[in-house]
Amino acid sequence: MTMLAVNNLVKQYGDLTAVDNVTFEASKSTVFGLLGPNGAGKSTAINCISGLLAPTAGRISVAGADIVRDGRNAKRSLGIVPQELALYEDLPAAENLRYWGMAYGLRGSELDHRVAEVLEYVGLADRASDLPKTFSGGMKRRLNFGCGVVHKPGLLLLDEPTVGVDPQSRQRLFDMVEAERDAGACVLYTTHYMEEAERLCDSLAIIDHGKLIAQGT
C-alpha cells in the first residue's frame, strides 16, 4: 500500500527553487531514503510533506489524503522526527512523550501504556523522571525519536536523525528505524551519509540542487 505519494513537488523562495519538480512514492513496511548533500533540498521536501511549508506547485498525499486540501486527515498518519530537537527541556522525559501522545489523541490507560512502552523502546526507562536538559546528545536524539512514534504513525518522517550522536546511540537509532519498518510503518529517511542509506533503505532517491538525479533500489 502506498503511504506517501509526492507528485511534481516544487518549492520556491523568490528566485530560488529549493525543490524542483520532485516525484516519488513510498509504501508501508519500507524505508525510502532521500540521499543528498547539505542544502540539496531534503529538509525543504520533508517540511512540505509534513505540512509545515506550503508547496509552490505539485501534490502530496499521505495515506490517500492531500496534505494541503485535507491536512487534518493527512497529519493523523504522520510522525515527525525533525533534525532540530523538538523537546521541552524542562519537562521530564515521560511528560514529553505524554504531551505528544495527547496531541495525537491518546488518553488514559492507553497513553500510560504507550509512554512506558516507548521509554523502554528508546532505552530511557530509568530516566523517565529526568529532564532532557540533563541528557547527553544521544539520549536527546532517542527521546526525540520516541516523541515521533508514540502514537504509532503510519508514515514516519526522519530528517537526518543521527546528526551529532555517538556510535552507540547511532546503532540504537538504526535498530529503531528497522523496528518501525518491521511493524508496518512507511519510513522516509533523509541523510547525507551513504553508509546509512545502504544500511537502512529499501529504495531511495538521490537529490541535489533540488532535483532528483537518480532513483531506485
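Residues numbered from 1 in each chain as written. Predicted model: local features only at pLDDT ≥ 70, side-chain atom pairs only at ≥ 80, totals over all residues. Heavy atoms only, no water.

A. Quick peek at the packing of aromatic side chains. This structure, assessed with the given rule, holds 3 aromatic pairs. Aromatic side chains Tyr88 and Tyr99 sit 5.2 Å apart centroid to centroid with 70 degrees between the ring planes, which places their arrangement in the edge-to-face category. Placement of the pair is Tyr88 in the loop between β6 (78-81) and α3 (93-103) and Tyr99 in helix α3, with a sequence separation of 11 residues. Here Tyr88 falls in the partly exposed class, since its relative accessible area comes to 38%. We classify Tyr99 as partly exposed; its relative accessible area is 38%. Measuring from centroid to centroid gives 5.0 Å for Tyr99 and Trp100, while their planes differ by 90 degrees, and the two rings are edge-to-face. Each member of the aromatic cluster is reached from another via a ring pair, and the members are Tyr88, Tyr99 and Trp100. (Phe/Tyr/Trp six-rings, centres within 6.5 Å; stacked < 30°, edge-to-face > 60°. Helix = DSSP H or I, 4+ residues; strand = E, 2+ residues; numbered from the N terminus. Buried < 20%, exposed > 50% of the residue type's maximum accessible area, 1.4 Å probe, protein only.)

B. Structural detail: the pairing of strand β9 (residues 203-208). Bridge count between strand β3 (residues 30-35) and β9: 4 bridges; the pairing is parallel. Within β9, the residue paired with Leu35 across the bridge is Ile206. Across 5 bridges, the pairing between β9 and strand β10 (residues 211-216) is antiparallel. Residue pairing across strands places Leu204 opposite Gly216, the latter belonging to β10. (Pairing = 2+ DSSP bridges.)

C. Summary view of the pairing of strand β1 (residues 2-13). Across 9 bridges, β1 lies against strand β2 (residues 16-27) in antiparallel orientation. Opposite Lys11, over in β2, you have Val19 as the bridge partner. Taken together, the 5 bridges between β1 and strand β4 (residues 57-62) define a ladder with antiparallel strand orientation. Residue pairing across strands places Leu4 opposite Val62, the latter belonging to β4.

D. Quick peek at the pattern of salt bridges. Under the criterion given, the structure shown has 15 salt bridges. For Asp90, the salt bridge identified is with Lys133, shortest N-O distance 2.8 Å. With a gap of 43 residues between them, Asp90 in the loop between β6 and α3 and Lys133 in the loop between α4 (108-121) and α5 (137-149) connect regions that are remote in the sequence. Residues participating in the shared-partner salt-bridge network are Arg59, Asp66 and Arg69. (Salt bridge = Lys/Arg side-chain N within 4 Å of Asp/Glu carboxyl O.)

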